[in-house]
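# Structural characterization, general
Chain by chain, the residues run as shown.
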Amino acid sequence: MLFDAKSKRHVQPKKSARKTVLVTAMCALLLAGCSDEQPPTEYKTTAYVFGTLVDITIRGTDTQSAEAAVADLSAGFQELHNDWHAWKPLGELAAINGACKSGETVTVGDNTLIALQKAKDFEISSHGLFNAALGRVIGLWGFHSDTLPKGEKPPFDQIDALVAQSPSMADIRITGHDVTCMNPAVSLDFGGFGKGLALDWALDRLQSKGIANALINAGGDVSSMGHYAEADTGRPWRIGIRHPKTWGVLASVDVDHDEAVYTSGNYERYNEQDGIRYSHIIDPRNGRAVQSIVSSTVIHTNSALADAAATALSVAGLRDWPQIAADMGVSQVMVVDETGHMYATPDMRARLIFGSETKPEITVVPLPTASPKSAVAQ
Ligand code: AMP
Ligand code: MG
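Since we're looking at a predicted model, the values are computed, not measured.

### A word on the overall build of the protein chain
For the protein chain, the helix and strand inventory stands at eleven helices and 18 strands. For the protein chain, the residues scored as buried account for 51% of the 378 residues in total. The contacts of the protein chain with a sequence gap of at least 6 include a subset with a gap of at least 24, amounting to 62%. Working note: accessible area of the protein chain is about 17,200 Å², and carbon and sulfur atoms make up 53% of it.

Here it is, written out as structure tokens:
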């Protein structure tokens, strides 16, 4: 099992891991006392996770330990890649998706069990706007492919027929490790939160190997642990938020306390027809590509939640994103509309850093009170 669902990033460092951190810290102190030699402070490498190149930076650890800790990640990443692939027959998600057609029951491992439960929770808290059961619709749009759709018109009649069958995580029944899919219109796709969940796991794993300061950047979605500088000076990591149109940096934030910054945007993957870009983010209510928000960014200590919320807020649109943010439990949000105008919650606005030449106008949007639990639930 890769995950343990307890800490803010799912894994409480196990006793042995805590001990490792302590021993490493003691050794560091001893070494500092014995020698003037400073250990190299930065180790950088690149890994391939879920089809994306991922930059991993580790600071304040000697190169050998950093290398060993990163090497340890690759088997886990591969396992998650296979188990959660949405369209290739590589693992457990494919098995469940097959069972949605055959009605058979599939037995899954702990990682997929945790992901399924999270997908159910996110669907409930987002009032159904985050829907990891929408894989068949996403496939009809042409996004279940390693290459971008080549402008073919999606089969809207088939999409409408699927949406009418209301595919939902509620159709996935779980008993122990046995999973039964009750709706043939369901096909699971963890694309909206799987990367966040995988990076939560990766940071916990690094922490268990004695790493205190790490940053993982997966194509602009960033999960962090510790600080940029040594823990005693406490300098935070600085992270750029992508500009949805120019690929430059829209704004930066300093992150600390193990925060993650996730952005969803219609510029990442899209199906272009007649000059119009149809985003890979789909509104489960009508099966259509979302339009009014071109990018949404969420900061939270839980990467899976930041990832899922960024996707859900893109679906929510300009009117409803504040309520969905409140109900999903995220208070640091920025969205950008089609004209490029920026909106931010007060908690996010207070953190945005701009270069001296760029001072965009930002509408500050306080979040409403979260809906009572009963209004959000089942
Ligand atoms: P992200 O870049 O995190 O916003 O994830 C986008 C991916 O999430 C898409 O490529 C789909 O695989 C999946 N997706 C699209 N629409 C939804 C939705 N409404 N709810 C959950 N996942 C979605
Ligand atoms: Mg997402």
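### Some thoughts on the sheet that holds strand E5 (residues 178-181)
Taken in spatial order, the three strands line up as E3-E5-E4 in an open sheet, and their pairing is antiparallel. Bordering the open sheet on either side are strand E3 (105-107) and strand E4 (172-175), each of which pairs with just one other strand. In this sheet, adjacent strand axes meet at a mean angle of 25° when their direction is disregarded. One ladder, built from three bridges, connects E3 with E5; its direction is antiparallel. Residue pairing across strands places Val106 opposite Val179, the latter belonging to E5. Lying on the sheet, helix H4 (residues 92-102) is in contact with E3, E4 and E5; it crosses E5 at an angle near 45°.

### Structural notes on the packing of helix H8 (residues 194-208) against helix H9 (residues 303-328)
Look at H8 against H9: their axes get within 7 Å of each other, and the N-to-C directions meet at 165°. Relative to H9, the element H8 is oriented roughly antiparallel. For H8 against H9, the interelement crossing comes out right-handed. Of the residues in H9, those in contact with Gly194, Lys195, Gly196, Leu197 and Asp200 of H8 are Ser303, Ala304 and Asp307. Of the residues that constitute the contact of H8 with H9, the class distribution is two nonpolar, three polar and three charged.

### Remarks on unusual backbone geometry
The phi dihedral of His257 is positive, around 55°, even though this residue is not glycine. As for its position among the elements, His257 is in the loop between strand E9 (249-255) and strand E10 (260-265). In this model, Asp258 sits at a positive phi of 65°, which is unusual for a non-glycine residue. Mapped onto the elements of the fold, Asp258 is located in the loop between E9 and E10.

### What about the coordination of the magnesium ion (ligand 2)?
The magnesium ion (ligand 2) binds to the protein through Gly192 (O), Asp307 (O), Asp307 (OD) and Thr311 (OG1), with metal-donor distances spanning 2.0 to 2.4 Å. Between the donor residues of the magnesium ion (ligand 2), the gaps in sequence give the motif G-x114-D-x3-T. Pair noted here: Gly192 is in the loop between E5 and H8 and Thr311 is in helix H9, with a separation of 119 residues, a long-range link.

Calculation criteria
- Every chain's residues receive numbers from 1 upward, in the order its sequence appears when written.
- The lettering of chains begins at A and the numbering of ligands begins at 1, in the order of writing.
- A pLDDT threshold of at least 70 governs which residues receive local features in this predicted model, and a stricter bar of 80 or more applies before side-chain atom pairs are shown or counted, although totals over entire chains, interfaces and linings include all residues.
- Only hydrogens and water are removed before side-chain values are computed, so all heavy atoms of the structure are retained for them.
- Numbering of helices and strands starts at the N terminus; helices are DSSP runs of H or I of at least 4 residues and strands are runs of E of at least 2.
- Each residue gets one of three labels from its accessible area relative to the maximum for its type: buried under 20%, exposed over 50%, partly exposed in between, using a 1.4 Å probe on protein chains only.
- The contact rule is simple, with two residues in contact once any of their heavy atoms fall within 4.5 Å.
- Areas reported here follow the Shrake-Rupley algorithm with a probe of radius 1.4 Å; residue values treat only the protein chains shown as occluding.
- A pair of strands is treated as paired once DSSP finds two or more bridges between them.
- In this description, a line fitted to the C-alpha atoms serves as the axis of each element, helices being fitted only across the stretch in contact, and the angle between N-to-C directions of two axes falls anywhere from 0 to 180 degrees.
- Roughly parallel here means an angle under 35 degrees, roughly antiparallel means over 145, roughly perpendicular means 65 to 115, and every remaining angle is called oblique.
- Should the near helix be turned anticlockwise from the far one by less than a right angle, the crossing is left-handed, and should it be turned clockwise, the crossing is right-handed.
- Each residue receives one of three labels: charged for Asp, Glu, Lys and Arg, nonpolar for Ala, Val, Leu, Ile, Met, Phe, Trp, Tyr, Cys and Pro, and polar for the others, Gly being one of them.
- Listed donor atoms are N, O and S within 2.8 Å of the metal (Na, K and Ca: 3.2 Å). As water is not included, a site may look incomplete.

Just geometry here; none of it tells us what the structure is for.
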